[in-house]
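In case you want the letters, here they are:
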Amino acid sequence: MAKNLILIMDFGSQYTQLIARRVRENNVFSLIVPYNITASEIKNLAPKGLILSGGPANTYRKVSPKPDKSILKLKIPMLGICYGMQVVAQLLGGKVKFSKGREYGRAELFIDEQKDLFKGLAANLTCWMSHGDYLTKLPKGFRTIGHTLNAPIAAIADKKRAIYGVQFHPEVIHTQSGDKIVSNFLFRICKCSSNWRMASFIKDTVAKIKKEVGKKRVICGLSGGVDSAVTALLIHKAIGRRLRCIFIDNGLLRKNELQQVKKTFLEHFKMNLVCIDSRQRFLNRLKGITDPEEKRKIIGNEFIKVFEDKAKKLKGVNFLAQGTLYPDVIESVPAFGGPTAKIKTHHNVGGLPLKMKLKLIEPLRDLFKDEVRNIGKRLGLIENILMRQPFPGPGLAIRILGDVTDERLSILREADERLLDEIKKADLYDQIWQSFAVLLPIKTVGVMGDARTYENVVAIRCVTSVDGMTADWATVPYEVLAKISNRIINEVKGVNRVTYDISSKPPATIEWE
């Protein structure tokens with residue numbers, strides 16, 4: 001990975017993570033770094049190329065994020081996208097101005113040079129624009145290689161220094177041949193090799209774990225989902241029986257989840273598995289807590305305390321493994337310290353205590369969900385876990401808006417079970433990224449058996465996605481929604497109204513909290 005690396009400099013764009021994915025789709029490894037990373041830090045990483053993302057700022061304002069100007073002397077191929085193009089151009093002597101006519105959405109791009117970055121592309125194509133500023137003067141040594149009707153300088157190039165820029169967003173699917181533009185930058189300009197493979201990742205990761213752990217032991221927090229399962233399989237491959245998996249029943253699980261986990265990991269994988277009943281411990285800590293960020297942090301801290309308590313009873317345990325993914329890291333904290341806004345704290349990242357007695361092992365920390373599933377398939381993970389819909393580490397606590405109590409947990413478990421049952425009966429489970437119920441902190445008036453009721457409201461959330469970074473609400477057939485609603489209202493005591501969430505991510509997140 002280190003020998004064939006593309007760095008993505010984050011200026012706060014909503015598409016930064018999408019750029020990283022587009023690079024990886026070409027079997028080239030990518031990492032997101034903050035805009036203020038130093039030139040010496042970049043030099044030490046020795047990337048094959050650098051992509052500067054878009055962003056909401058204006059380059060001509062004093063408070064706008066600016067990269068270390070010394071990066072321009074590193075002789076590394078660069079591609080600036082939107083704000084990234086403007087900031088590079090300005091640093092090199094170009095001029096950027098505010099435009100009264102903001103250009104947002106689809107635009108027709110006219111390619112002036114069908115070489116290098118635009119090699120193999122049509123003379124004109126549809127591109128996706130999202131900007132209010134525009135480049136009015138080229139830096140010395142650059143030439144215009146593309147334009148639109150509203151942006152005379154829509155793409156620029158300095159072939160001698162291998163610095164390119166585009167005002168549009170090639171990383172989004174709305175740009176025709178955007179994947180080809182990214183590919184041209186990687187292979188024609190950066191001279192990358194297409195060697196980022198899951199097979200090589202498995203081999204390298206297993207070797208790294210062996211070296212790091214040595215003769216010590218590892219405990220792995222197992223949730224029953226694909227992320228922790230793949231983590232456990234990788235570590236088991238590296239150290240065998242010196243791995244002990246721990247499943248914590250925190251009282252926030254779905255119905256029958258503990259039984260399913262025991263059956264799968266004890267019978268199928270025959271791993272060392274310990275199940276710990278900590279239901280009352282977690283519920284006591286969550287009593288009266290309604291703020292979602294506080295819930296996540298309490299749960300994260302409590303998980304670690306339970307793991308550490310167990311580790312004391314085991315000899316030679318120095319490491320804690322967990323299935324943290326790249327989206328967890330990106331959403332919990334600004335990407336590697338960059339300006340991207342924090343969305344929410346994930347219990348296994350931002351919810352961890354500052355001081356821990358166990359060293360963390362997170363082999364999947366730089367991967368997206370679909371990459372993890374690819375690894376799981378190669379490792380022989382069974383289908384019902386491999387394709388299991390994501391379930392949040394904090395469990396039902398963040399699907400109960402407001403106070404978490406035994407009564408409210410019971411209502412949500414029953415509602416959620418009926419939702420998933422109908423989704424599976426309709427053969428929609430594998431088509432939907434996540435489908436779950438949310439218990440709202442309100443009650444509404446209803447009529448049951450000619451009598452007035454004043455009961456809870458359940459919201460249904462079903463979304464489609466590729467990696468969880470963006471998502472659209474799923475168009476579940478009306479008849480399926482009707483069955484879900486009827487079953488929940490008729491079979492779950494304490495619910496008299498069901499709603500369907502039709503929000504996409506962004507602006508909403510997948511989970512409600």
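Since we're looking at a predicted model, the values are computed, not measured. (Residues numbered from 1 in each chain as written. Predicted model: local features only at pLDDT ≥ 70, side-chain atom pairs only at ≥ 80, totals over all residues. Heavy atoms only, no water.)

Trainee: An account of the overall build of the protein chain is needed here, citing residue identities and associated values.
Mentor: Helix and strand counts for the protein chain come out as 14 helices and 18 strands. Its C-alpha atoms give the protein chain a radius of gyration of 25 Å, near enough to 24 Å, the size a compact globule of 513 residues would have. Projected onto the principal axes, the alpha-carbon positions of the protein chain cover approximately 75 × 65 × 40 Å. Considering the protein chain as a whole, with its 513 residues, one finds that 57% of them fall into the buried category. Taking all contacts inside the protein chain whose residues are at least 6 apart in sequence as the whole, residues at least 24 apart take part in 75%. For the protein chain, the computed accessible surface area is about 23200 Å², with 50% contributed by carbon and sulfur atoms. (Helix = DSSP H or I, 4+ residues; strand = E, 2+ residues; numbered from the N terminus. Rg over C-alpha atoms; globule rule 2.2 N^0.38 Å. Buried < 20%, exposed > 50% of the residue type's maximum accessible area, 1.4 Å probe, protein only. Contact = heavy atoms within 4.5 Å. Areas by Shrake-Rupley, 256 points an atom, 1.4 Å probe, with all protein chains shown as cover.)

Trainee: Give me the lowdown on the nonpolar core, citing residues and values where you can.
Mentor: By size, the foremost hydrophobic cluster in this structure holds 108 residues, and its most contacted members are Ile51, Leu117, Phe118, Val218 and Leu381. Looking at this core, the element that brings in the most residues is helix 6 (residues 226–239), giving nine residues. Setting aside residues no more than four positions away along its own chain, Phe118 makes contact with Ile111, Glu113, Ile145, Ala155, Val166, Phe168, Ile181 and Asn184. Core analysis: the next-biggest nonpolar cluster, separate from the first, contains 49 residues, Val306, Leu314, Leu419 and Val458 among them. (Core = buried A, V, L, I, M, F, W, Y, C linked by side-chain atoms within 4.5 Å.)

Trainee: So what about unusual backbone geometry? Which residues, and what values?
Mentor: Cis geometry is adopted by the peptide bond preceding Pro506, which originates at Lys505 and carries an omega value of -15 degrees. Mapped onto the fold, Pro506 is located in the segment after strand 18 (495–500). A cis amide bond, omega 15 degrees, links Pro506 with the succeeding residue Pro507. Tracing the chain through its elements places Pro507 in the segment after strand 18.

Trainee: Describe in detail the packing of aromatic side chains, supporting the description with residues and values.
Mentor: This structure, assessed with the given rule, holds seven aromatic pairs. For the pair Phe29 and Trp196, a centre-to-centre distance of 4.7 Å together with 55 degrees between the ring planes defines the contact as tilted. Note that Phe29 is positioned in strand 2 (residues 29–34) and Trp196 in the loop between helix 4 (178–189) and helix 5 (198–213), a separation of 167 residues in sequence. The exposure class assigned to Phe29 is buried, which follows from its relative accessible area of 4%. Pairwise contacts between aromatic rings join Phe11, Tyr35 and Tyr83 into one cluster. When the ring centre of Phe391 is taken as origin, the NZ or CZ atom of Arg254, which lies over that ring, is 3.9 Å away. Positioned over the ring face of Phe436 is Arg399, at 3.8 Å from the centre of the ring. (Phe/Tyr/Trp six-rings, centres within 6.5 Å; stacked < 30°, edge-to-face > 60°. Lys NZ or Arg CZ within 6 Å of the ring centre and 35° of its normal.)

Trainee: Hey, could you go over the pattern of salt bridges for me, with residue numbers and the actual values?
Mentor: Opposite charge on two side chains makes pairing possible when the charged atoms of those side chains draw close. Per the counting criterion, the structure on display carries 29 salt bridges. With a shortest N-O distance of 2.2 Å, Glu257 and Arg388 are connected by a salt bridge. Separated by 131 residues along the polypeptide, Glu257 in helix 7 (residues 257–268) and Arg388 in the loop between helix 12 (383–386) and helix 13 (406–425) bring together distant segments of the chain. Assigned by exposure class, Glu257 and Arg388 land together as buried. Taking the shortest distance from any N to any O, the salt bridge between Arg418 and Glu417 comes out at 3.4 Å. Accessibility expressed as a relative area gives 12% for Arg418, which makes it buried. Overall, Glu417 belongs to the partly exposed group, its relative accessible area being 31%. Among the charged side chains, a salt-bridge network with shared partners connects Lys255, Glu414, Glu417, Arg418, Asp421, Glu422, Lys425, Arg487 and Glu491. (Salt bridge = Lys/Arg side-chain N within 4 Å of Asp/Glu carboxyl O.)

Trainee: For the sheet that holds strand 12 (residues 273–277), give the residues involved together with the corresponding values.
Mentor: Here we have five strands laid out as an open sheet, ordered 12-11-10-13-14, and parallel in their pairing. Edge positions in the open sheet fall to strand 12 and strand 14 (359–361), since each of these has one partner strand only. The sheet shows a mean angle of 30 degrees between the axes of neighbouring strands, direction not considered. Pairing between strand 10 (residues 217–221) and strand 11 (residues 243–249): four bridges, direction parallel. For Gly221, the partnering residue across the bridge sits in strand 11 and is Ile246. Docked against the sheet, helix 7 engages strand 11 and strand 12, running at close to 165 degrees with respect to strand 12. (Pairing = 2+ DSSP bridges. Axes fitted to C-alpha atoms, helices over the stretch in contact; angles between N-to-C directions.)

Trainee: Which residues make up the pairing of strand 15 (residues 434–448), and what are the values?
Mentor: Alignment of strand 15 against strand 16 (residues 451–464), held across twelve bridges, turns out to be antiparallel. Note on strand 16: the bridge partner recorded for Gln434 is Val463. Here strand 15 hands over to strand 16 after two residues, with Gly449 in that stretch at a positive phi of 60 degrees.

Trainee: Explain the environment of Asn256 residue by residue, including any values.
Mentor: Secondary-structure assignment places Asn256 in the loop between strand 11 and helix 7. Between the C-alpha atom of Asn256 and that of Lys73, which follows or precedes it by 183 residues, the distance is 59 Å.

Trainee: Any details on the side chain of Arg254? Residues and values, ideally.
Mentor: Along the chain, the position of Arg254 falls in the loop between strand 11 and helix 7. Ignoring anything within four residues of it in the chain, the contact list for Arg254 reads Arg388, Phe391, Leu396, Arg413, Asp416 and Leu420.

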